[in-house]
Amino acid sequence: MDKNNNYKRNSRPNGDKRYTNNKKSDTRKPERQDRRDKREEINDEDDYPVEMIVGRNPVIEALKAEKPIDTIYIDKEATGSISVIVKLAKERDIVTKQVSHEKLTAMSRMTNHQGVVAMGACAQYAEISDILALAKSRGEDPFVIICDEINDPHNLGAIIRTAECSGTHGIIIPKRRSASLSGTVYKTSAGAASWLPVARVPNIPAAIDELKENGVWIYGTDASGEQYDKANLTGPIGLVIGSEGEGMGRLVSEKCDFMLSLPLKGKVNSLNASVAAGIFMYEVLRQRSAK
């Protein structure tokens, strides 16, 4: 940070050394993956305290009133005023998902849901600029966690909780193929989702570019990288945490300036995403506290 509180990427914190990602392919059978996706979607709607809005007019009015809405589930066979809901959701950049009539009945516990159920968000989504502004207001180098398709809401909630405790300035998640600010995430985060800015973006590589333009160095996490406690993690940092089964995506990996790894001594060759994230975050905190 210079005297004008601007962040700079003029020199590499670890020299000119870069690391590339050797992403492992997912070997799960397609039908097994389908079952897992269904379980994750159901888990994301557990009975935790977020508002559920059922019916066409209530959802339309909630959209017009700009209530915090996470996702809108729509009967894939529905017509008529559903198009109004889709249009309003698009204008507010809210995710819509097409599901079966039976799915909506199970979610709402009623049959007269009119083909639409909206799930409220446990907190308002932020912008990347909000995260950077928070770091600047504290007089600190930005420390941002980038979650690349963390699908399990329990993992996302645990990451948010640790991030808030370790002094992170915010989280970035993708709009699609990711857990979101659901009731499950809120409960697992122990309420930290109310305090830590979470930005939901349409494109993670583009979000990384925005961070780089603001002087942030991007660190990926992969077995091919430098051991985490040997790297210099004291400057402006964006830390990428890959998905539970597949790690970081190729495009995201290519955007990383450096790669970090954790030593593994057992027969299991990976850690839970939230556990690994916690180790990396507290190493950043350790190094910053020692400055």
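Within any chain, residue numbers begin from 1 and follow the written order of that chain's sequence. Given that the model is predicted, a residue must reach a pLDDT of at least 70 before its local features are reported, and side-chain atom pairs must reach 80 or more before they are shown or counted; all residues, however, enter totals for whole chains, interfaces and linings. Excluded from the side-chain calculations are hydrogens and water; all other atoms, namely the structure's heavy atoms, are used.

Regarding the sheet that holds strand β2 (residues 52-54)
Strand-to-strand pairing in sheets goes through backbone hydrogen bonds, with the strands running parallel or antiparallel. Ordered by their spatial adjacency, four strands build an open sheet running β2-β5-β3-β4, and the pairing between neighbours is mixed. If you trace the sheet from one side to the other, it starts and ends with β2 and β4 (95-99), each paired once. The mean inter-strand angle of the sheet, taken between neighbouring strand axes irrespective of direction, is 20°. Bridging between strand β3 (residues 69-75) and β4 involves five bridges; their strand directions are parallel. Counterpart to T71 in the pairing with β4 is V95. Contacts: residue pairs with any heavy atoms within 4.5 Å of one another. Lines fitted to C-alpha atoms define the axes here, with helix axes fitted over just the stretch in contact, and angles between the N-to-C directions of these axes take values from 0 to 180 degrees. Strands here are runs of E lasting at least two residues and helices are runs of H or I lasting at least four, both read from the DSSP assignment and numbered beginning at the N terminus. Against the sheet, helix α3 (residues 82-91) makes contact with β3, β4 and β5 (116-120), and its axis sits at roughly 155° relative to β3, the strand it touches most. For two strands to count as paired, DSSP must find a minimum of two bridges between them.

Looking at the packing of aromatic side chains
Pairing of aromatic side chains requires ring centres within 6.5 Å, counting the rings of Phe and Tyr and the six-membered ring of Trp. Pairs whose planes differ by under 30 degrees are stacked, by over 60 edge-to-face, and all others tilted. Counted by the stated rule, this structure contains three aromatic pairs. A ring pair is formed by W217 and F258, whose centres lie 6.0 Å apart and whose planes are at 45°; its orientation type is tilted. Pair noted here: W217 is in strand β9 (residues 217-227) and F258 is in strand β11 (residues 258-261), with a separation of 41 residues, a long-range link. Here W217 and F258 have matching classes, each one buried. An angle of 90° between the planes, with centres 6.1 Å apart, marks the rings of Y228 and F280 as edge-to-face. Here the residue Y228 occupies a position in the loop between β9 and β10 (237-241), and F280 occupies one in helix α10 (residues 273-289), the gap between them amounting to 52 residues. Buried residues are those whose accessible area, probed at 1.4 Å on protein chains only, stays under 20% of the maximum for their type, while exposed residues exceed 50% and partly exposed ones sit between those limits.

Concerning the side chain of E283
Along the chain, E283 falls in helix α10. Contacts described as polar in this section are N or O atom pairs within 3.5 Å, which, within protein, must combine one atom able to donate a hydrogen with one able to accept it, while residues neighboring in sequence count only if both atoms come from side chains. At 2.6 Å, the side chain of E283 forms a polar contact with the side chain of R286. Ignoring sequence-local partners within four residues, the contact set of E283 consists of Y228, D229 and L233.

A few points about a nonpolar patch on the surface
Taken together, the side chains of L264, L271, V275 and I279 make up a nonpolar region of the molecular surface, amounting to roughly 300 Å² of accessible area. Checked against the element boundaries, L264 lands in the loop between β11 and α10. Here, patches come from residues exposed beyond 30% relative accessible area and free of salt bridges, joined within 9 Å for like charges and within 5 Å for nonpolar side chains (Val, Leu, Ile, Met, Phe, Trp, Tyr). Reported accessibility uses the Shrake-Rupley method at a 1.4 Å probe radius. Residues are deemed covered only where the shown protein chains occlude them. Salt bridges are identified by distance alone: a Lys or Arg side-chain nitrogen within 4 Å of an Asp or Glu carboxyl oxygen.

Re the sheet that holds β11
Read across the sheet, six strands follow the order β8-β7-β6-β10-β9-β11 without closing on themselves; strand pairing throughout is parallel. The open sheet has two edge strands, β8 (198-201) and β11, and neither has a second partner. Neighbour to neighbour, the strand axes of the sheet diverge by 30° on average, direction disregarded. Relative to β8, strand β7 (residues 170-174) is paired through four bridges, and the arrangement is parallel. Among the inter-strand pairings, I171 is bridged to a residue of β8, identified as V198.

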